[in-house]
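Coordinate analysis (summary)
The residues making up each chain are set out below.
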There are 2 protein chains.
Amino acid sequence: MIRIVFLGFGNVGYHLCNAFQKSNTVSVCQVYNRSVISLPSEVATVPFTTHLSEIVKADVYIIAIPDDAIAAFSETLSFQNKLVVHTSGSVPLTALSEKNRKGVFYPLQSFSKNSVVTFSEIPICIEAEEASDIVLLQTLGEALSEKVTVITSEERLKLHLAAVFVNNFVNHMYSISSAILEENQLPFSLLQPLIAETARKVETLTPDEAQTGPAKRNDTKTIEKHLHLLGNGSNRTVYQEITKAIQEKYNPPHGKKL
Amino acid sequence: MIRIVFLGFGNVGYHLCNAFQKSNTVSVCQVYNRSVISLPSEVATVPFTTHLSEIVKADVYIIAIPDDAIAAFSETLSFQNKLVVHTSGSVPLTALSEKNRKGVFYPLQSFSKNSVVTFSEIPICIEAEEASDIVLLQTLGEALSEKVTVITSEERLKLHLAAVFVNNFVNHMYSISSAILEENQLPFSLLQPLIAETARKVETLTPDEAQTGPAKRNDTKTIEKHLHLLGNGSNRTVYQEITKAIQEKYNPPHGKKL
Ligand SMILES: NC(=O)c1ccc[n+]([C@@H]2O[C@H](COP(=O)([O-])OP(=O)(O)OC[C@H]3O[C@@H](n4cnc5c(N)ncnc54)[C@H](OP(=O)(O)O)[C@@H]3O)[C@@H](O)[C@H]2O)c1
Ligand SMILES: NC(=O)c1ccc[n+]([C@@H]2O[C@H](COP(=O)([O-])OP(=O)(O)OC[C@H]3O[C@@H](n4cnc5c(N)ncnc54)[C@H](OP(=O)(O)O)[C@@H]3O)[C@@H](O)[C@H]2O)c1
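Values in this document were obtained by computation on a predicted structure and should not be read as measured data. (Residues numbered from 1 in each chain as written. Chains lettered and ligands numbered in written order. Predicted model: local features only at pLDDT ≥ 70, side-chain atom pairs only at ≥ 80, totals over all residues. Heavy atoms only, no water.)

Turning our attention to the pairing of strand β2 (residues 26-32) of chain B. Residues and elements named next belong to chain B. Extensive coverage of β2 is indicated by the burial of 6 of its 7 residues. Pairing between strand β1 (residues 2-7) and β2: 6 bridges, direction parallel. The residue bridging L7 from the neighbouring strand is Y32, located in β2. After leaving β1, the chain enters helix α1 (residues 11-21) and then returns to the sheet as β2, a path that is right-handed. Bridge count for β2 against strand β3 (residues 48-49) is 2 bridges, and the pairing is parallel. Bridging across to β3, Y32 finds its partner in T49. (Buried < 20%, exposed > 50% of the residue type's maximum accessible area, 1.4 Å probe, protein only. Helix = DSSP H or I, 4+ residues; strand = E, 2+ residues; numbered from the N terminus. Pairing = 2+ DSSP bridges. Right-handed = clockwise from strand over helix to strand, strands pointing away.)

Moving on: the domain arrangement of chain A. Accessible area lost upon the coming together of the parts is a frequently used measure of interface size. Residue and element names in this part refer to chain A. Parsing chain A into structural domains produces domain 1 (2-151) and domain 2 (156-255). Averaged C-alpha coordinates put domain 1 and domain 2 at centres separated by 36 Å. In this complex, domain 1 contributes 14 residues to the contact, which on the side of domain 2 involves 6 residues. Summing both sides of the interface, domain 1 and domain 2 together bury roughly 710 Å²; the carbon and sulfur share of this comes to 61%. Summed over the shared surface of domain 1 and domain 2, the number is 1 salt bridge. Where domain 1 meets domain 2, there are 3 residue pairs in polar contact (both at pLDDT 80 or more). Within the residue set of the side of domain 1 that touches domain 2, elements represented by two or more residues are β6 (101-107) and β7 (124-128). For the side of domain 1 that touches domain 2, a count of residues per class yields 8 nonpolar, 5 polar and 1 charged. (Domains from an automatic or database assignment. Contact = heavy atoms within 4.5 Å. Buried area = accessible area lost by both parts, 1.4 Å probe. Salt bridge = Lys/Arg side-chain N within 4 Å of Asp/Glu carboxyl O. Polar contact = N/O pair within 3.5 Å; in protein donor to acceptor, adjacent residues only side chain to side chain. Nonpolar A, V, L, I, M, F, W, Y, C, P; charged D, E, K, R; others polar.)

A few words on the UniProt feature "domain: Pyrroline-5-carboxylate reductase catalytic N-terminal" (unreviewed entry) in chain A. With numbering aligned to this structure, UniProt lists the feature "domain: Pyrroline-5-carboxylate reductase catalytic N-terminal" (unreviewed entry) at residues 3-87 of chain A. A distance of 17 Å separates the end C-alpha atoms of residues 3-87 of chain A, which is 25% helix and 26% strand. (UniProt positions renumbered as here; feature names shortened; annotations may be inferred.)

Turning our eyes to something else, we now look at the sheet that holds β3 of chain B. All names here are of chain B. Read from one edge of the open sheet, 8 strands run β3-β2-β1-β4-β5-β6-β7-β8, paired in mixed fashion. Because the sheet does not close on itself, it has two edges, and the strands there are β3 and β8 (148-150). Along the sheet face, helix α2 (residues 67-75) touches β1, β2, β4 (60-63) and β5 (83-86) and points at about 140° away from the line of β4. (Axes fitted to C-alpha atoms, helices over the stretch in contact; angles between N-to-C directions.)

All right, on to the pairing of strand β6 (residues 101-107) of chain B then. Residue and element names in this part refer to chain B. Among the 7 residues in β6, 6 count as buried, and that is most of the element. Here β5 runs beside β6; their pairing, made up of 4 bridges, is parallel. Bridge pairing in β6 places H86 opposite V104. Here β6 pairs with strand β7 (residues 124-128) via 5 bridges, running antiparallel.

Next up on the list: the site of ligand 2. Residue and element names in this part refer to chain B. Around ligand 2 there are 21 residues in total, and N33, S35, D67, T87 and F111 lie nearest to it. At 2.9 Å, a backbone N or O of F9 approaches an oxygen atom of ligand 2. One of the backbone nitrogen or oxygen atoms of V12 is found 2.8 Å away from an oxygen atom of ligand 2. When the free accessible area of ligand 2 is taken as 910 Å², the share hidden by the protein chains comes to 74%. When residues of the shell around ligand 2 are traced back to their parent elements, those giving at least two are α1, α2 and β6. Considering each element in turn, the shell around ligand 2 owes the most residues, 3 residues, to α2. Among the residues making up the shell around ligand 2, the classes are represented as 10 nonpolar, 9 polar and 2 charged. (Near = heavy atom within 4 Å. Areas by Shrake-Rupley, 256 points an atom, 1.4 Å probe, with all protein chains shown as cover.)

To continue, consider the pattern of salt bridges. Residue and element names in this part refer to chain A. One pass over the full model with this rule turns up 20 salt bridges over all chains. We note a salt bridge from K147 to E121, for which the minimum N-O separation is 3.5 Å. Taken as a pair, K147 in the loop between α3 (131-142) and β8 (148-150) and E121 in the loop between β6 and β7 lie far apart in primary sequence, 26 residues in all. For K147, a relative accessible area of 30% translates into the label partly exposed.

Let us look at the sheet that holds β8 of chain A. Residues and elements named next belong to chain A. Here we have 8 strands laid out as an open sheet, ordered β3-β2-β1-β4-β5-β6-β7-β8, and mixed in their pairing. If you trace the sheet from one side to the other, it starts and ends with β3 (48-49) and β8, each paired once. The sheet strands contacting helix α2 (residues 67-76) are β1 (2-7), β2 (26-32), β4 (60-63) and β5 (83-86), and the helix crosses β4 at an angle near 140°.

According to UniProt, the "domain: DUF2520" (unreviewed entry) feature falls on residues 122-245 of chain A. Spanning residues 122-245 of chain A, this segment combines 68% helix with 6% strand, and its end C-alpha atoms are found 30 Å apart.

Our next topic: the interface of chain B and chain A. Taken together, the contact pairs 86 residues of chain B with 86 residues of chain A. Interface of chain B and chain A: buried area, both sides summed, is about 7800 Å²; carbon and sulfur atoms make up 68% of it. The largest per-residue losses of area from chain B upon contact with chain A belong to F165, V166 and L194 of chain B, which jointly make up 8% of the total buried on that side. Scanning the region where chain B abuts chain A turns up 0 salt bridges. Sort the elements by how many residues they give to the side of chain B that touches chain A and helix α4 (residues 153-183) of chain B lands first, with 25 residues. Of the residues assigned to the side of chain B that touches chain A, the class counts are 42 nonpolar, 26 polar and 18 charged.

Given below as structure tokens:
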């Protein structure tokens, strides 16, 4: 049994804890959170504390708090030489305090409190300085997922950057189109099949193969009509910059001209 | 039986024809294409011609050729007073020739030749000038889909603009992240679960509720790290503009400052 303690219990802490609770190889010994919270019923049997001094012995301590708070928080821990990991995509391993053995346990997924998560497909990116800690994190990861990968802090930051494009930025595209439809009393549900198909396509095609649309075709007539509708806000700028990027990628200047 | 003829047989012509072939209420009488093509085996029994003069009588003629060619092509048809529709999101009804009754039959989906399409969920946006033609197109649409909607040319253009954001622009986000991973010898498949979840989330949450990430949180430290990795190409500009748009939307200037 790998014994773990959660330090911080937001979205990631909750989802990891819930998933580990169902595993036979991992035991969640405790949840620490700086302020009092009531644990959801699925994990209500796990002991809880708000006192750093009461944190129990474990094999792995999982810090699951906002990126900016990780470094300072890791310094406040009163124990030493334990494996302490964070769950962030963009914080380097070295941000963690020297007092303990450092590691990373980064689940490459977007978590929200009220959505169900199936961990088996989610890549878990792990990192540690000592080989035995890598083995430990590998076993911990395999308790949840079939896709556990050892990657460096540098690679993880690039993965996180790529994740920002396919998650945060894609969602902002949804947001802009939802606003366009709302202004015109058209339901966002009209776009659902297209959203699903767009995501599904890149399971079998590369994104470059899947690219279509007025920008790719250099269809200036349609682009003009769209710009006319967009007015002068940030949606226009976003439209123009992405259109330009697509045009440059698929119709380089020495080829067909705009 | 509604008798239809396809005028042009690219992606949309093929997929519509294939779907109508399976319906009991629609009969595909003929495919016209300006150049000789061999019809795929699924639809090989449909009569084919490359001669405008040989086009047979039907209830609805479906022009499925590129947007820019629709207007001029509709003028070259030798018959009159028939219902002639196009399948475009961005071309107005009025682009069609006055010689015939005008209509639109716009399936709101992205089609590629080699992908299987399930029409039942795809919104079909119809438009026509005469009430009886609306009824005819409604019946035609219902032969394929449960979601047939009457919308105006103006609304359709807005829907098409929204579709460009959730399809073409989203796919370009996939493309950028795929390039970032490729440069670092990381497989694009690592992002698949995140891509799927991002699309799935907006089935139950609004895009605004689903928005997360460094831009939304005004996490300038992470944004700086990302910009550092992006260098000076168009990916940087795209990152900056979308980040700015998200920041302005969720952290207006009088609130938390960047
Ligand atoms: N959300 C995701 O989709 C996702 C995905 C992959 C990785 N991650 C990473 O996982 C980590 C946690 O993210 P999250 O989304 O779970 O965050 P979150 O939901 O915002 O978690 C907040 C938790 O952090 C605690 N906390 C906040 N500031 C603190 C501080 N200064 N000192 C100590 N505790 C503090 C909060 O305690 P109180 O209850 O007392 O406020 C709460 O328990 C981050 O590193 C993030 O980058 C997130
Ligand atoms: N693809 C999509 O995802 C999608 C989705 C919804 C709506 N639409 C709309 O559906 C329509 C067709 O799109 P598509 O993707 O099917 O196009 P496509 O695959 O590019 O179709 C090309 C077809 O148009 C013919 N064609 C090209 N130029 C022509 C001209 N000047 N005169 C006569 N025929 C010509 C071609 O004939 P040859 O074989 O002789 O070249 C071929 O049959 C467009 O209005 C488009 O906006 C497309």
